[in-house]
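# Geometric and topological summary
The lines below spell out each chain.
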Amino acid sequence: MEFSLRAEMVLNRKPEGLKLKEFIENSKTLLKKGAPEGQGAEIEEWELSGDRIVLTLTSGRYVRPHDAVFRIKNYLSQELGRKHKLGIREVRGKRYSIRFKLDHEPKRKIRVPFVKSIRIEGEECNLVLEDMDEEFLQKNYVDRIVNLVREKVEQQHYEGKGEHWELIWQSRPIEHRWNKDPSKVMEGRDWLKHRGRGQWIFGPQATAIMRAMEQLVVDELLNPLGFNEIIIPKAVTWDVWQRSGHAKNLYPEIYYICPPDTRDPEFWEEVIDRYKITGNVQTRLIKEKIKEPIGGVCYAQCPPFWPYLQGRTVSDDSLPIKVFDRSGTSMRYESGGIHGIERVDEFHRIEVIWAGYPEEVKRIHRDIVERYRKIFNDILEFEWRMAWVTPWFMAQEGLIGTAKDKEVGTIDFEAYLPYRGSREDSEWLEFQNASNNGDKYPKGFSVKGQKGELRSGCTGIGLERWLAVFIAQKGIEPENWPKQFRRRIGKLPDGIGFL
């Protein structure tokens, strides 16, 4: 890595008769501290111009110029203040050139905020930044920009889960006598009603099936393994997503929450009056009367649980922590990927979370997988498979590889949907997963155990997807459903008749 920064220090007044050379020479030794021999920063050029000290600093990997310039500032502030009654008001970066090597050649153009220019030749990257204020330099934005460029290139080379997918188990093929699209058939029977983008109303019959599945999870997984029910907020503020790491990339996927500027009816009078006259909701005018987003609607229930533990040391008597939430819907903006109830914007999910010492977390993960195996094989009688994957939120943090290799990652449970085509050529539906998240959440929320560092895991049970798999494989007639599940659900409600 090569760095070259042209910076200026703005003095509180224009100095008279200041012999700066001695101070600059003395400050050079500060630029070697903490670096291997001969690898610190260097002052290549300097000059005193009016009320400004202008410097050109260079370095390799150690004591980078945006750090070195503040070592010089601190030294000069002390010495010039004591001997000449001079102070340094601010430091500014005029131009910063950074050269470093990438792990891969980018597949397409890279764009990064605050960067004047990016030139990439093969695997060599050259960045130029201009007009940086003191906060920009001092808060390490430069290193974050370099890391962001690397991350964007890595992301281009991450080709989706297939690249980090490893089959670990598959059930025997089942002869399916049904090959209909479950959403279309249920909607045709008035079991479902499509309502807006990615949103459905579930009638009595579909709801009865989902509630039976929910109770099945409670009876066969949550109660036997000792999980306790909790209620987690569904409005998630930015501080939660910053600590969980989701703030790095969730913006295209969330529904934002914007509070009103005020509840004063007079403030909203024009919005109300225009609706009364036109019969149309005044969305453009509303947009002018709301505050900036405070966060978004929950799209994964795991992160908003962790503030409950934040900054605390958990007693060993309470470990491992085993909790679950089913208190409300989650929302995720799925864009063009919406299809039936398999991929929706608003969905119903049981979120299961566990935390403890590493061996406890791995044991619970294994127990949960075995409970799922019993549910899917013996009660619901699915045709399904399991695979190790590394989702992007982990790959983004350097955890690329399979969960089997890293002991951090996800087992995906995928089901065959006959209506999509043959087993070999069609896309199977990921309808369930179980993740070991390592220290991601305990570290992000500063949570510890009595005896040391904690780990955590989670598994989200999406009831829409369970329903989609069930109807896709078993059909819509209860007499064709597995006997164990029929005993659990009993007689379906009649539903609502229409003329």
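First, a word on what this report is: a plain description of the structure on this page. (Residues numbered from 1 in each chain as written. Predicted model: local features only at pLDDT ≥ 70, side-chain atom pairs only at ≥ 80, totals over all residues. Heavy atoms only, no water.)

## Quick notes on the layout of surface pockets
The condition is simple: In this analysis a 1.4 Å probe is tested at points of a 1 Å grid over the protein atoms alone, and where it fits but cannot get out there is a cavity; an open set with protein on both sides within 12 Å along at least five of seven lines is a pocket; lining residues have an atom within 4 Å of a point. Grid points are joined across faces, edges and corners, and a volume is the space filled by probe spheres set on the points. Residues were grouped as follows: Ala, Val, Leu, Ile, Met, Phe, Trp, Tyr, Cys and Pro as nonpolar; Asp, Glu, Lys and Arg as charged; and all remaining residues, including Gly, as polar.
A volume near 490 Å³ is recorded for the second largest pocket. Surrounding the second largest pocket, 18 residues form its lining, Ile-174, Glu-175, Gln-473, Lys-474 and Asn-480 being those nearest its centre. Partitioned by chemical class, the residues of the lining of the second largest pocket number six nonpolar, six polar and six charged.

## Details of the side chain of Thr-410
Heads up, the condition is: Helix and strand definitions here come from DSSP, where helices need a minimum of 4 consecutive H or I residues and strands a minimum of 2 consecutive E residues; each element is numbered from the N-terminal end. Relative accessibility under 20% of the residue-type maximum defines a buried residue, over 50% an exposed one, and the middle range a partly exposed one, all with a 1.4 Å probe and only protein chains included. Distance and chemistry together define a polar contact, namely a pair of N or O atoms within 3.5 Å, with one atom able to donate a hydrogen and the other to accept it when in protein, and with adjacent residues in sequence counting only for side-chain atoms on both sides.
With respect to the helices, strands and loops of the structure, Thr-410 is situated in strand β19 (residues 409-415). Accessibility expressed as a relative area gives 3% for Thr-410, which makes it buried. At 2.6 Å, the side chain of Thr-410 forms a polar contact with the side chain of Ser-435.

## Observations concerning the sheet that holds strand β5 (residues 117-121)
Put simply, the rule reads: Paired strands, as defined in this entry, are two strands with at least two bridges between them according to DSSP. Interaxial angles span 0 to 180 degrees and are taken between N-to-C directions of axes, which are lines fitted to C-alpha atoms, for helices over the stretch in contact.
The strand order across the open sheet formed by six strands is β2-β3-β1-β4-β6-β5, and the pairing between neighbours is antiparallel. Of all the strands in the sheet, the pair left with one neighbour each is β2 (42-49) and β5. The mean inter-strand angle of the sheet, taken between neighbouring strand axes irrespective of direction, is 10 degrees. Across eight bridges, strand β4 (residues 88-101) lies against strand β6 (residues 124-132) in antiparallel orientation. Following the sheet pairing, Ile-98 is matched in β6 by Leu-127.

## Some thoughts on the packing of aromatic side chains
Applicable threshold: Side-chain rings of Phe, Tyr and Trp (the six-membered ring for Trp) are treated as a pair once their centres are within 6.5 Å; stacked means planes under 30 degrees apart, edge-to-face means over 60, and tilted covers the remaining angles. Look at NZ for Lys and CZ for Arg. If either is within 6 Å of the ring centre and within 35 degrees of the ring normal, a charge sits over the ring.
In total, this model carries 26 aromatic pairs according to the counting rule given. On the numbers, 5.5 Å between centres and 75 degrees between planes, the contact of Phe-114 with Phe-136 is edge-to-face. Pair noted here: Phe-114 is in the loop between β4 and β5 and Phe-136 is in helix α3 (residues 134-138), with a separation of 22 residues, a long-range link. Summarising the aromatic geometry, the rings of Phe-376 and Phe-382 are spaced 5.9 Å apart at their centres and angled 20 degrees between planes, so their arrangement reads as stacked. Each member of the pair Phe-376 and Phe-382 is classed as buried. Among the aromatic residues, those joined into a ring-pair cluster are Trp-169, Tyr-372, Phe-376, Phe-382, Trp-384, Phe-413, Phe-431 and Trp-466. Looking at Arg-373, its charged tip hangs above the ring of Trp-169, at a distance of 4.9 Å from the centre. For the cation-ring pair, Arg-385 lies above Trp-428, with the distance from its terminal atom to the ring centre recorded as 4.0 Å.

## Here's the deal with the sheet that holds strand β22 (residues 452-453)
Two modes of strand pairing occur in sheets, parallel and antiparallel, and in both the strands are linked by backbone hydrogen bonds. Across the sheet, three strands lie side by side as β14-β21-β22; this open sheet has mixed pairing. Each of the sheet's edge strands pairs with one partner strand only, and the pair in question is β14 (313-314) and β22. As defined by bridge partners, strand β21 (residues 448-449) adjoins β22 across two bridges and the pair is classed as antiparallel. Within β22, the position partnered with Gly-449 by the bridge is Gly-452.

## A short note on the environment of Asn-126
What counts here: Residue contacts are defined here by distance: any two heavy atoms, one from each residue, within 4.5 Å place the two residues in contact.
Assignment of secondary structure puts Asn-126 in strand β6. Leave out the neighbours within four places in its chain, and Asn-126 touches Ile-98, Arg-99, Ser-117, Ile-118 and Arg-119. Among the polar contacts listed, one links the side chain of Asn-126 to the side chain of Arg-99, at a separation of 2.9 Å.

## Re the packing of helix α6 (residues 204-222) against helix α14 (residues 463-474)
The criterion, for reference: Note on angle classes: values under 35 degrees are labelled roughly parallel, values over 145 roughly antiparallel, values of 65 to 115 roughly perpendicular, and the remainder oblique.
Interaxial distance between α6 and α14 falls to 10 Å at its minimum, and their mutual angle equals 110 degrees. Our classification of the angle between α6 and α14 gives roughly perpendicular. Residues Ala-206, Ile-209, Met-210, Met-213, Glu-214 and Val-217 of α6 lie in contact with α14, whose contacting residues are Leu-463, Glu-464, Trp-466, Leu-467, Phe-470 and Ile-471. Its residues placed into classes, the contact of α6 with α14 shows 10 nonpolar, no polar and two charged.

## With respect to the packing of α6 against helix α10 (residues 358-379)
So the rule is basically this: Note on convention: the crossing is left-handed when the near helix lies turned anticlockwise from the far helix by less than a right angle, right-handed when the turn is clockwise.
Running from N to C, α6 and α10 cross one another at 130 degrees; their axes reach a closest spacing of 10 Å. With respect to α10, the element α6 is oriented oblique. In this structure, α6 meets α10 at a crossing whose hand is right-handed. On α10, the residues that touch Leu-216, Glu-220 and Leu-221 of α6 are Ile-368, Arg-371, Tyr-372, Lys-374, Ile-375 and Ile-379. Looking at side-chain class alone, the contact of α6 with α10 contains six nonpolar, no polar and three charged residues.

## Regarding the environment of Val-281
Here Val-281 lies in the loop between α8 (269-278) and α9 (283-287). For Val-281 and Arg-64, which are 217 residues apart along the polypeptide, the C-alpha to C-alpha distance reads 55 Å. Sequence-distant contacts of Val-281, defined by excluding residues within four places in its chain, comprise Tyr-275 and Ile-286.

## What about the pairing of strand β1 (residues 2-11)?
The buried fraction of β1 amounts to seven of the 10 residues, a majority that puts the element mostly inside the structure. Pairing of β1 with β4, which is carried by 10 bridges, proceeds in the antiparallel orientation. Opposite Glu-2, over in β4, you have Arg-99 as the bridge partner. Two elements, β1 and strand β3 (residues 52-59), share eight bridges in a ladder whose sense is antiparallel. Considered in β3, the bridge of Arg-6 is made with Thr-56.

## Some words on the nonpolar core
Here is the rule: Joining through side-chain atoms within 4.5 Å is the link that ties buried Ala, Val, Leu, Ile, Met, Phe, Trp, Tyr and Cys residues into a set, and such a set is a nonpolar core.
One finds Ile-209, Phe-376, Phe-413, Phe-431, Trp-466 and Phe-485 to be the most contacted residues of the largest nonpolar core, which totals 60 residues. Looking at which element gives the most residues to this core, the answer is α6, with 10 residues. Residue contacts for Ile-209: discarding those within four places in its chain leaves Trp-191, Leu-467, Ile-471, Trp-481, Phe-485, Ile-489 and Leu-492. Ranked by size, the runner-up nonpolar core spans 46 residues in total, among them Leu-5, Met-9, Val-112 and Cys-125.

## What to know about α10
Rules: To estimate the expected span of a helix, count its residues, drop one, and scale the result by 1.5 Å.
Taking 1.5 Å as the rise per residue, α10 with 22 residues should run 32 Å; its terminal C-alpha atoms sit 31 Å apart, in good agreement. Remark: Glu-381 follows α10 within two positions and exhibits a positive phi of approximately 55 degrees.

## Section: the side chain of Asp-345
Relative to the helices and strands, Asp-345 is located in the loop between β16 (329-331) and β17 (346-356). Judged by its relative accessible area of 0%, Asp-345 falls in the buried class. At a separation of 3.2 Å, a polar atom in the side chain of Asp-345 contacts the main-chain amide nitrogen of Glu-334.

Interpretation in functional terms is not warranted from these geometric data alone.
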